[in-house]
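# An overview of the molecular structure
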Amino acid sequence: MKTYYGLNQNRFLSHLRTSFCALAIAGASLTLPRAEAGGPPLPASGEFFPCFNFATYPPRQVGENLIITFNVSGPATGTFTGSSTGTELDVVHPNGSISLHGTLLFTGSINGRSGTLLLSYEGIGNAVTGHENLRFVGTQGTGDLAGVYANLTAEGDVGLPAPGCTPPSIAGQGTYTGQVVFAR
């Protein structure tokens with residue numbers, strides 16, 4: 001009778017490797033930070049009034065695209081009540097479309113809880129009409145906003161009056177909707 005010692009040994013080693021990998025993954029997941037939701041996502045809505053100032057002037061031409069960096073600041077009302085400051089990078093394409101990316105630090109309150117929240121966003125716009133559509137994600141909060149996760153969509157127009165935004169700044173205004181999840 002022929003015995004396949006190598007086959008049984010390989011099968012045993014394979015099971016050991018699989019078990020080790022499973023334990024390593026389980027152990028690693030225990031070291032990750034945990035955010036426990038304090039309930040279902042809460043609806044969020046309101047208005048924002050950005051003020052844009054050139055961070056670098058003049059804007060620079062790169063190939064056929066115009067690259068503009070703005071300092072952005074302004075108040076928000078509604079679920080998010082407070083103000084934000086940050087930067088935005090716009091790429092204006094020859095056809096007038098705009099690709100934009102930015103980061104804001106929101107300081108204020110969300111549903112009555114105060115602190116700061118880092119908002120990252122991206123979107124598209126139209127250089128001719130001034131209309132923009134944006135998607136925001138909020139994380140890395142402090143104070144009562146620690147552990148908060150926000151997922152928002154926004155729509156707005158550049159060139160409309162905004163409170164506290166005086167020329168040569170470029171004013172805008174818009175609305176946002178979405179959801180916020182609070183950690184316990």
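Residues numbered from 1 in each chain as written. Predicted model: local features only at pLDDT ≥ 70, side-chain atom pairs only at ≥ 80, totals over all residues. Heavy atoms only, no water.

Below, the discussion takes up the state of the cysteines. Taken as a whole and judged by the stated rule, the model has one disulfide. The residue that forms a disulfide with Cys51 is Cys165, at a sulfur-sulfur distance of 2.2 Å. The disulfide joining Cys51 to Cys165 has a torsion of about 80 degrees about its S-S bond and is therefore right-handed. Residue Cys51 is located in strand β2 (residues 51–54), and its partner Cys165 is located in the loop between β9 (149–158) and β10 (170–181); the two are separated by 114 residues in the primary sequence. Classification of Cys51 by relative accessible area gives buried; the value is 8%. Overall, the relative accessible area of 12% leaves Cys165 in the buried class. (Disulfide = S-S within 2.5 Å. Helix = DSSP H or I, 4+ residues; strand = E, 2+ residues; numbered from the N terminus. Buried < 20%, exposed > 50% of the residue type's maximum accessible area, 1.4 Å probe, protein only.)

Scored by pLDDT, the chain comes out at a mean of 83, with 79% of its residues at no less than 70. Across residues 1–37 the pLDDT falls below 50, and counting only partners more than four positions away or on other chains, this stretch makes six contacts in the model. (pLDDT = per-residue confidence, 0-100. Contact = heavy atoms within 4.5 Å.)

Evaluation of the coordinates by the stated rule reveals one cavity of 30 Å³ or more. Each pocket or cavity is described by its volume, and for the largest cavity that value is around 340 Å³. Phe48, Phe49, Pro50, Leu104 and Phe136 are, among the 27 residues lining the largest cavity, the residues nearest its centre. Mapped onto the lining of the largest cavity, the elements with two or more residues apiece are β4 (65–78), β5 (80–92), β6 (97–110), β7 (113–126), β8 (131–143), β9 and β10. Along the lines of polarity and charge, the residues of the lining of the largest cavity split into 17 nonpolar, six polar and four charged. (1 Å grid on protein atoms, 1.4 Å probe; cavity = no way out; pocket = protein on both sides within 12 Å on 5 of 7 lines; lining within 4 Å. Points joined across faces, edges and corners; volume = space filled by probe spheres on them. Nonpolar A, V, L, I, M, F, W, Y, C, P; charged D, E, K, R; others polar.)

Right, let's get into the nonpolar core. Within the largest apolar cluster, 27 residues are counted, with the highest numbers of intra-cluster contacts made by Phe80, Ile110, Leu117, Phe136 and Val180. Of all the elements in the fold, those that place two or more residues in this core are β1 (42–48), β4, β5, β6, β7, β8, β9 and β10. The dominant element in this core, judged by the number of residues it contributes, is β6, at five residues. Discounting residues that sit within four places of it in the chain, Phe80 has contacts with Ala44, Phe106, Ser109, Ile110, Leu117, Ala150, Leu152, Tyr176 and Val180. Within the second largest apolar cluster, five residues are counted, among which are Phe49, Cys51, Cys165 and Ala171. (Core = buried A, V, L, I, M, F, W, Y, C linked by side-chain atoms within 4.5 Å.)

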